[in-house]
Amino acid sequence: MSISKTASGKSSSPSTIDKRLQIEHLISPTQPSETELNAGSDAISGLTQTPKSLPARYFYDDRGSQLFEQICELPEYYPTRTEAAILHQYAGEIARLTGPCEIVELGSGSSTKTRILLDAYNELGYPLRYLPIDVSAGILESSARDLLAEYPLLQIYGLVSTYELALQRLTPTQLPSRMISFLGSSLGNFSPQECDVFFSQITGAMDSGEYFLLGVDLQKSKDVLEVAYNDSQGVTAAFNLNMLHHLNRRFEGNFDTAQFEHLAFYNESQHQIEMHLRSMRSQSVQLRALDLTVEFEAGETILTEISRKFDLNTMQQELKSRGIVPLQTWTDPNHWFGLLLCQMQPPESTKIAD
Ligand code: AVJ
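Residues numbered from 1 in each chain as written. Predicted model: local features only at pLDDT ≥ 70, side-chain atom pairs only at ≥ 80, totals over all residues. Heavy atoms only, no water.

**Quick notes on the overall build of the chain**
The helix and strand inventory of the chain stands at 12 helices and 14 strands. Here the chain has a C-alpha radius of gyration of 21 Å; the compact-globule value for 354 residues is 20 Å, and the two agree. Judged by the C-alpha coordinates and their principal axes, the chain covers about 60 × 45 × 40 Å. For the chain, the proportion of its 354 residues judged to be buried stands at 53%. Contacts in the chain between residues far apart in sequence, at least 24 positions, make up 73% of those at least 6 positions apart. Accessible surface computed for the chain: about 16000 Å², of which carbon and sulfur atoms make up 50%. (Helix = DSSP H or I, 4+ residues; strand = E, 2+ residues; numbered from the N terminus. Rg over C-alpha atoms; globule rule 2.2 N^0.38 Å. Buried < 20%, exposed > 50% of the residue type's maximum accessible area, 1.4 Å probe, protein only. Contact = heavy atoms within 4.5 Å. Areas by Shrake-Rupley, 256 points an atom, 1.4 Å probe, with all protein chains shown as cover.)

Here you go:
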């Protein structure tokens, strides 16, 4: 019994939507901030290293976010629907465990899975306050407006931002508690070292007693994994190649995407899918805004993404050792995906645990 446009009997008028919506831009593609100017430096360092790499966050311009939404619907790409099924089954339990709280979502995208949580909080009569955080302004604003039309009591305070900036910017919540959700196994994009940094940003942003909801993709057979990143319709390939379009636009580049191909495989010893773009011939590419020329040999690859696959027990231990205490863990019948609800320990006990 969720409140929707039909259940509430009317949809909200545009004016009340505007009153319940606030979006703050911490980054912008047209007027790059200090941090955005630095952002080009991660592309420079990746492209001048051997082997070459690019940060996965360059996937997500507006077009890339759209392609990612399409990936989530692919028959081969199991993580999204598996996580959504777990959420459907346990959202009520999550809401009861956290009580009323503000929901912060890192990398909110289309906020599809958020509806499952909002429905559960709504059914318990809890106030609905949502803080989506995404680097794509287009998808953030359009999904915020859709949500406000569907939930007449919802308040949204969106941040167009990287995780890092947004986590520094969180002000004390007006509700009894807060839950930061990080779904879709986006954590898998981080190397172990980047995970360390990310978890300290999380602990830095959260007060003791607050909640952290984490979705992680679990280790499984190579066959299932490789098919999920090599779909028959070529959407994943288009998503991967779109990073080059994004760099062209953002940094005045001249990548010819017809001269690169998508490559994705499971690295079993590292428990990670690796996505690469392979240069089909020797070529040189300029990124004028970065004052950079990059030489490629035929067959040379750029690593664009790692997607790590986790072990649930190890993840629980790791979180606990950082004072992010798992309260409850859920999975699907195949054990393909894991959802962990954690609570921040008080600072004193964090010290003892160290
Ligand atoms: C958003 C990082 C979880 O690693 O599965 C999907 C991105 N890349 N297909 C993933 C992705 C290729 C996705 N994450």
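The structure having been displayed, the exposition proceeds.
**A closer look at the site of the ligand**
The environment of the ligand is formed by 14 residues, the closest being Tyr77, Gly184, Tyr229, Glu305 and Ser307. Take Glu305: an N or O atom from its side chain is 2.6 Å from a nitrogen atom of the ligand. One nitrogen or oxygen atom from the side chain of Ser307 is found 2.6 Å from an oxygen atom belonging to the ligand. When the ligand sits alone it has 350 Å² of accessible area, and the protein chains cover 98% of it. For the shell around the ligand, the secondary structure elements donating two or more residues are α3 (62-73), α10 (235-251) and β12 (301-308). Taken together, the residues that form the shell around the ligand break down as seven nonpolar, six polar and one charged. (Near = heavy atom within 4 Å. Polar contact = N/O pair within 3.5 Å; in protein donor to acceptor, adjacent residues only side chain to side chain. Nonpolar A, V, L, I, M, F, W, Y, C, P; charged D, E, K, R; others polar.)

**As for the pairing of strand β3 (residues 102-106)**
Taken across its five residues, β3 has five buried, putting it largely inside the fold. Alternating positions in β3 separate into two faces, Glu102, Val104 and Leu106 on one and Ile103 and Glu105 on the other, with burial throughout. Note: β3 against strand β6 (residues 178-182), four bridges, orientation parallel. Bridge assignment links Val104 to a residue of β6, and that residue is Ile180. Across four bridges, the pairing between β3 and strand β4 (residues 129-134) is parallel. Within β4, the position partnered with Glu105 by the bridge is Pro132. Read as a crossover between parallel neighbours, the route from β3 over helix α5 (residues 112-123) to β4 is right-handed. (Pairing = 2+ DSSP bridges. Right-handed = clockwise from strand over helix to strand, strands pointing away.)

**Quick word on the environment of Gly99**
Along the chain, Gly99 turns up in the loop between α4 (78-98) and β3. Of the residues examined, Gly99 reaches a relative accessible area of 12% and is grouped as buried. Each C-alpha atom of the pair Gly99 and Tyr126 lies 7.7 Å from the other, and the pair is 27 residues apart in sequence. Beyond its immediate sequence surroundings of up to four residues, Gly99 is in contact with Tyr121 and Tyr126.

**Looking at the pattern of salt bridges**
For the coordinates displayed, the defined rule picks out 18 salt bridges. One salt bridge in this structure joins Arg278 and Glu261, with 3.1 Å as the shortest N-O distance. Of this pair, Arg278 sits in strand β9 (residues 272-279) while Glu261 sits in strand β8 (residues 260-267), and the two are 17 residues apart along the sequence. According to the relative accessible area criterion, Glu261 is partly exposed, its value standing at 30%. When salt bridges that share partners are traced, they join Asp18, Glu141 and Arg145 into one network. (Salt bridge = Lys/Arg side-chain N within 4 Å of Asp/Glu carboxyl O.)

**Description of the side chain of Arg115**
For Arg115, the position within the fold is in helix α5. Excluding residues that lie within four positions of it along the chain, Arg115 makes contacts with Ser110, Asp146, Leu147, Glu150 and Tyr151.

**Quick notes on helix α6 (residues 137-150)**
Here α6 spans 20 Å end to end across 14 residues, near enough to the 20 Å set by a 1.5 Å rise per residue. By the burial criterion, the buried members of α6 are Ile139, Leu140, Ser143, Ala144, Leu147, Leu148, Ala149 and Glu150. (Expected span 1.5 Å × (residues − 1).)

**Notes on the sheet that holds strand β1 (residues 21-25)**
Strands sit in the order β1-β5-β4-β3-β6-β7-β14-β13 across an open sheet of eight strands; the sheet is mixed. Lying at the two open borders of the sheet, with one neighbouring strand each, are β1 and β13 (324-331). Strand after strand, the sheet turns through a mean of 15 degrees between neighbouring axes, direction not considered. Judged from the seven bridges that link them, β13 and strand β14 (residues 337-344) form a sheet pairing that is antiparallel. Across the sheet, the residue bridging to Val325 is Gln343, located in β14. Against the sheet, α6 touches β1, β4 and β5 (155-160), its axis set at about 175 degrees to β5. Lying on the sheet, helix α11 (residues 312-321) is in contact with β7 (211-217), β13 and β14; it crosses β13 at an angle near 160 degrees. (Axes fitted to C-alpha atoms, helices over the stretch in contact; angles between N-to-C directions.)

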